[in-house]
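As a plain string of letters, each chain reads:
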Amino acid sequence: MMELAQLLFFVVVDDDVPADMVAEESGPGAQNSPYQLRRKTLLPKRTACPTKSSMEGASTSATENFGHRAKRARVSGKSQDLSAAPAEQYLQEKLPDEVVLKIFSYLLEQDLCRAACVCKRFSELANDPILWKRLYMEVFEYTRPMMHPEPGKFYQINPEEYEHPNPWKESFQQLYKGAHVKPGFAEHFYSNPARYKGRENMLYYDTIEDALGGVQEAHFDGLIFVHSGIYTDEWIYIESPITMIGAAPGKVADKVIIENTRDSTFVFMEGSEDAYVGYMTIRFNPDDKSAQHHNAHHCLEITVNCSPIIDHCIIRSTCTVGSAVCVSGQGACPTIKHCNISDCENVGLYITDHAQGIYEDNEISNNALAGIWVKNHGNPIIRRNHIHHGRDVGVFTFDHGMGYFESCNIHRNRIAGFEVKAYANPTVVRCEIHHGQTGGIYVHEKGRGQFIENKIYANNFAGVWITSNSDPTIRGNAIFNGNQGGVYIFGDGRGLIEGNDIYGNALAGIQIRTNSCPIVRHNKIHDGQHGGIYVHEKGQGVIEENEVYSNTLAGVWVTTGSTPVLRRNRIHSGKQVGVYFYDNGHGVLEDNDIYNHMYSGVQIRTGSNPKIRRNKIWGGQNGGILVYNSGRFAFHIYPELFVVFKSKQKSNFEVLELRVSSSQS
């Protein structure tokens, strides 16, 4: 069979092909080709010659990287030329497909490209996907083609679903110019030049450090394939725009493991602004998990003025101090995407000291401290991350930390899903923050932030906590089904609570206490298992233009020295009273529409003394305004206002019912 392969190759390749490119018996697959015989009718249609940079990165003519071009000597004499023609015709037209494919299975990629240029039939056969899959897996190990259409972009595809007929060859062309880190293989490769003839532009190294050295010495352009294995305690400092990608069968990142026990596993420095690292596991696994000097070490350390891409990596740290990923300094602006940063014994992702970056589609879970820390003017863009089951808070922004968080799923963290502290000012948009073991969002110690159009639900404590002079904006969110309240503002909390849909919470939809003074407007607060708005313990605030309805207890409670302003609200359809002032509850109730409650529209008792003016109070099944137990109030009476005064002395009640006509108003 090998003799036939050699004969075929001499006959079909044109005069421009070097004589030393003939496939040899020692070539791969010579002993046992995996090719299964198939008929021509099953083969995909292809053009006669590949149009992309065929393997050597230039063209299929192979004029650059394959040595001196030598023409094959012709056989002289008329009788010899006449006898060759039928042989060529037979080999090109008559030889069965399965025989040609069997012969082609002994060729390497360069030879297949040349055979494809002979004729239409050979082009179809030489571009058979099974031939190219075998060659592809021999070089790159991937069990699915890894596409590389542009710098910094890699993704695997299912061949059956790909739009082009031969994704194996297409990927081969895209990945061909690169170096390979494959321990133990370099010696074999360079000791068998005949077997690997045509692959002279491939480089093999035993260590990652050696491959990085090859980049520095300009031996190749910087594409490094790290093959299956565990690489330990290599010093990987990247200061050039290299591309390093794992190469292994199956789930690539599980098979390529790079770890360090003494220093940061990867360090990106100035000059690595366009570097790429992808499809591998990166671990920091020190022997002494808690040693203080490890505070400066991480799985990934990204420093000033560099913007690498980290893609499809598994990132783990067993050190109990520091973080798994640290992005620090002005101009540190990585793209970290499709990574798994989980099961770390510290912080997952730490962004600080004016660092920025884009962090998308990552899985961040079960970290001992926060899943994400943002500090000291760090200002990342964080989109579509899954941040869950943390042993601490999900996201923690503090000390002037900022950031834009969009469409993240944050849930089942032990403390709050999102914590904001000490002048931090993040923007959180269209996230889901739910099933927190304590609260959903916790803003404290002068924290700020904008929380817009999020879904905040099913948290064990309040959906949103605001305290200690914090002043966030909570706008357009759905805050529902909390095991306690919806929004809880206490301890001198401030904030703008605007345009939210707050419903189905076990306690009050909004609770204001202890000198807190928020602005609450344009919200819907309804169907709570308790009251709608509860203002107590000297709570304040401006509560205006809300719709408060269908709550189990009072629509609004004001008590214990509180003095809110309730203005232009619709408070209706409650299962008890509309607005309830008691135990020295005060404040202003003006221009509200209060109607259709099971009890009275307004109740005033026990030392309470609100100012009530220009309200519509109607449809209450137990009166309009009910005043009792030393309750007082100053009011402007409107036509047909029904007021009931009640006072209790021992077991006796005095009741005065007063209807005021329009002439008395």
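Anything mentioned here points back to the structure above.
Residues numbered from 1 in each chain as written. Predicted model: local features only at pLDDT ≥ 70, side-chain atom pairs only at ≥ 80, totals over all residues. Heavy atoms only, no water.

1. Here's the deal with the overall build of the protein
Link 1 in the chain: Along its length, the protein carries 10 helices and 58 strands.
Link 2 in the chain: With 665 residues in all, the protein has 55% of them scored as buried.
Link 3 in the chain: Long-range contacts, defined as pairs at least 24 residues apart, comprise 53% of the intrachain contacts of the protein with a sequence gap of at least 6. (Helix = DSSP H or I, 4+ residues; strand = E, 2+ residues; numbered from the N terminus. Buried < 20%, exposed > 50% of the residue type's maximum accessible area, 1.4 Å probe, protein only. Contact = heavy atoms within 4.5 Å.)

2. Digging into a negative patch on the surface
Link 1 in the chain: Judged by side-chain charge, Glu 187, Asp 206, Glu 209 and Asp 210 come together as a negatively charged surface patch.
Link 2 in the chain: Examined against the element boundaries, Asp 210 turns out to sit in helix H9 (residues 208-216).
Link 3 in the chain: Residue Asp 210 is classed as partly exposed on the basis of its relative accessible area of 41%. (Patch = residues over 30% accessible without salt bridge, like charges linked within 9 Å, V, L, I, M, F, W, Y side chains within 5 Å. Areas by Shrake-Rupley, 256 points an atom, 1.4 Å probe, with all protein chains shown as cover. Salt bridge = Lys/Arg side-chain N within 4 Å of Asp/Glu carboxyl O. Lys, Arg positive; Asp, Glu negative; His and termini not counted. Charge placed at Lys NZ, Arg CZ, Asp CG, Glu CD.)

3. Focus on the environment of Val 556
Link 1 in the chain: By secondary structure assignment, the location of Val 556 is in strand E46 (residues 556-559).
Link 2 in the chain: Of the residues examined, Val 556 reaches a relative accessible area of 1% and is grouped as buried.
Link 3 in the chain: With 23 residues separating them along the chain, Val 556 and Ile 533 place their C-alpha atoms 4.7 Å apart.
Link 4 in the chain: Residues within four places of Val 556 in sequence aside, it is in contact with Ile 533, Leu 566, Ile 571, Gly 578, Val 579 and Tyr 580.

4. Overview of the packing of helix H4 (residues 109-116) against helix H6 (residues 129-140)
Link 1 in the chain: The N-to-C vectors of H4 and H6 enclose an angle of 155 degrees; their axes lie 11 Å apart at closest approach. Here H4 is positioned roughly antiparallel relative to H6, judged by the angle of their axes. Considering the relative orientation of H4 and H6, their crossing is left-handed. Across the interface between the two elements, Glu 109, Leu 112 and Cys 113 from H4 touch Leu 131, Trp 132 and Leu 135 from H6. (Axes fitted to C-alpha atoms, helices over the stretch in contact; angles between N-to-C directions. Parallel < 35°, antiparallel > 145°, perpendicular 65-115°, else oblique. Left-handed = near helix turned anticlockwise from the far one by under 90°.)

5. What to know about the pairing of strand E22 (residues 372-375)
Link 1 in the chain: Because side chains alternate across E22, one face comprises the buried residues Ile 372 and Val 374, and the other comprises Trp 373 and Lys 375, none of which is buried.
Link 2 in the chain: As paired strands, strand E19 (residues 347-352) and E22 are joined by 3 bridges and run parallel to one another. Directly across from Tyr 350, in E22, lies its bridge partner Trp 373.
Link 3 in the chain: Inspection of the sheet shows E22 paired to strand E25 (residues 395-398) by 4 bridges, in the parallel sense. Within E25, the residue paired with Val 374 across the bridge is Thr 397. (Pairing = 2+ DSSP bridges.)

6. Some words on the side chain of His 434
Link 1 in the chain: For His 434, the location among the structural elements is in strand E30 (residues 432-434).
Link 2 in the chain: Within polar-contact distance, the side chain of His 434 engages the side chain of Asn 409 at 2.8 Å. (Polar contact = N/O pair within 3.5 Å; in protein donor to acceptor, adjacent residues only side chain to side chain.)

7. Here we look at the pattern of salt bridges
Link 1 in the chain: In total, this model carries 24 salt bridges according to the counting rule given.
Link 2 in the chain: The salt bridge involving Arg 199 is made with Glu 109; its shortest N-O contact spans 2.8 Å. Remark: Glu 109 occurs in helix H4 and Arg 199 occurs in the loop between helix H8 (185-191) and strand E4 (203-205); sequence separation between them is 90 residues.
Link 3 in the chain: A salt bridge links Arg 430 to Glu 406; its shortest N-O distance comes to 2.8 Å. Placement of Arg 430 in the loop between strand E29 (427-429) and E30 and of Glu 406 in strand E26 (residues 404-406) is noted, with a sequence separation of 24 residues between them.
Link 4 in the chain: Classification of Arg 430 by relative accessible area gives partly exposed; the value is 39%.
Link 5 in the chain: Residues joined in a network through salt bridges with shared partners are Glu 544, Glu 545, Arg 567, Arg 568, Glu 590, Asp 591, Arg 613 and Arg 614.

8. Re the environment of Ile 230
Link 1 in the chain: Of note, Ile 230 is situated in strand E6 (residues 229-232).
Link 2 in the chain: Distance from Ile 230 to Ile 257, taken between C-alpha atoms, is 4.7 Å for residues 27 residues apart in sequence.
Link 3 in the chain: Setting aside chain neighbours within four positions, we find Ile 230 in contact with Ile 257 and Glu 259.

9. A short note on the pairing of strand E31 (residues 441-444)
Link 1 in the chain: Across 4 bridges, strand E28 (residues 418-421) lies against E31 in parallel orientation. Paired with Glu 419 across the two strands is Tyr 442, which belongs to E31.
Link 2 in the chain: Note: E31 against strand E34 (residues 464-467), 3 bridges, orientation parallel. Across the sheet, residue Val 443 finds its bridge partner in E34, namely Ile 466.

10. Thoughts on H9
Link 1 in the chain: Among all positions of H9, only Ile 208, Ala 211, Leu 212, Gly 214 and Val 215 are buried. Looking straight down H9, one finds that the buried residues subtend no more than 150 degrees of arc, so they occupy a single side.
Link 2 in the chain: Its side-chain oxygen 3.0 Å from the backbone nitrogen of Asp 210, Thr 207 forms the N-cap of H9.
Link 3 in the chain: Taken from the residues just after H9, Ala 218 is the one with a positive phi, measuring 60 degrees. (Arc of directions from axis to C-beta.)

11. Details of the packing of aromatic side chains
Link 1 in the chain: Under the criterion given, the structure shown has 35 aromatic pairs.
Link 2 in the chain: With a centroid separation of 4.6 Å and an interplanar angle of 45 degrees, the aromatic rings of Phe 189 and Tyr 204 are classed as tilted. In this pair, Phe 189 is assigned in helix H8 and Tyr 204 in strand E4, connecting sequence segments 15 residues apart.
Link 3 in the chain: Ring plane angle 20 degrees and centroid distance 4.4 Å describe the contact between Tyr 488 and Phe 490, whose orientation is recorded as stacked. Grouping residues by exposure puts Tyr 488 and Phe 490 together as buried.
Link 4 in the chain: Linked through ring pairs, Trp 132, Tyr 136, Phe 140, Tyr 142, Trp 168, Phe 172, Tyr 176 and Phe 225 together constitute an aromatic cluster. (Phe/Tyr/Trp six-rings, centres within 6.5 Å; stacked < 30°, edge-to-face > 60°.)

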